[in-house]
Amino acid sequence: MDHLFWKGIENSTQSYVLEEAIQQLQWNSDGLIPVIAQDKHSKVVLMMAWMNQDALHKTLRTGQVYYWSRSRQKLWQKGESSGHTQHLIDCQIDCDGDTLLLQVEQKGPACHTLQPHCFFWTVDGQRIKKLNT
């Protein structure tokens, strides 16, 4: 996990070996990296989750999105029980190598609450209220 790697390539126009870049991602002390899933077509942010290296490799290999469940301590395919899957369109790495952005095609609602996305609460002054989703 070398912060200098990302700093050193920020102005580069060349490509890099994927596995080398994956090794240079800023994995946290649990071996995880935050991932934002965004609908490719609407650009709505669907959810935030975590990946470990196995989840990232499997996602890139299969085109189906896998995450790491911190509560269950296991790899899971998005929609494996609900059928509300995510098909990977594009994977982007932020400038520091510490967050991933997945452009996905979402089948069904993204949130486990059956909302279209997980960000349905908004701050309104000193209160929060539910958005019309």
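Analysis parameters
Residues numbered from 1 in each chain as written. Predicted model: local features only at pLDDT ≥ 70, side-chain atom pairs only at ≥ 80, totals over all residues. Heavy atoms only, no water. Core = buried A, V, L, I, M, F, W, Y, C linked by side-chain atoms within 4.5 Å. Buried < 20%, exposed > 50% of the residue type's maximum accessible area, 1.4 Å probe, protein only. Helix = DSSP H or I, 4+ residues; strand = E, 2+ residues; numbered from the N terminus. Pairing = 2+ DSSP bridges. Phe/Tyr/Trp six-rings, centres within 6.5 Å; stacked < 30°, edge-to-face > 60°. Polar contact = N/O pair within 3.5 Å; in protein donor to acceptor, adjacent residues only side chain to side chain. Contact = heavy atoms within 4.5 Å.

J.: What should I look at first to understand the nonpolar core in this one?
T.: Nonpolar side chains tend to gather and get buried jointly when the protein is soluble and globular. In this structure, Met-51, Tyr-67 and Leu-102 are the most contacted members of the largest nonpolar core, which totals 25 residues. For this core, the secondary-structure elements that each account for two or more residues are helix 1 (3-9), helix 2 (18-24), strand 1 (33-39), strand 2 (45-51), helix 3 (53-62), strand 3 (66-69) and strand 6 (100-106).

J.: Which parts of the structure should I look at to understand the pairing of strand 5 (residues 86-93)?
T.: Along any regular strand the residues' side chains alternate between the sheet's two faces. Both strand 5 and strand 6 contribute to a ladder of seven bridges, which runs antiparallel. Counterpart to Cys-91 in the pairing with strand 6 is Leu-102. Counting the residues in the hairpin turn of strand 5 and strand 6 gives six residues, including Gly-97, whose phi is positive at 70 degrees.

J.: What is the right way to look at the packing of aromatic side chains in this model?
T.: Two numbers describe a pair of aromatic rings. These are the distance of the centres and the angle of the planes. For the structure shown, the criterion picks out four aromatic pairs. Ring geometry for Phe-5 against Trp-6: centres 4.9 Å apart, planes inclined by 85 degrees, an arrangement best described as edge-to-face. Taking the relative accessible area as the measure of exposure, Trp-6 reaches 8% and is therefore buried. Judged by its relative accessible area of 13%, Phe-5 falls in the buried class.

J.: Would you take a moment to explain the side chain of Gln-86 for this structure?
T.: Secondary-structure assignment places Gln-86 in strand 5. A polar contact of 2.9 Å, which involves the side chain of Gln-86, links it to the side chain of Gln-106. Look past the residues within four positions of Gln-86 in its chain and what remains in contact with it is Ala-37, Leu-46, Met-47, Gly-63, Gln-64, Val-65, Tyr-67, Lys-78, Val-104, Glu-105, Gln-106 and Ala-110.

Note that all results are geometric; they support no functional claim without further evidence.
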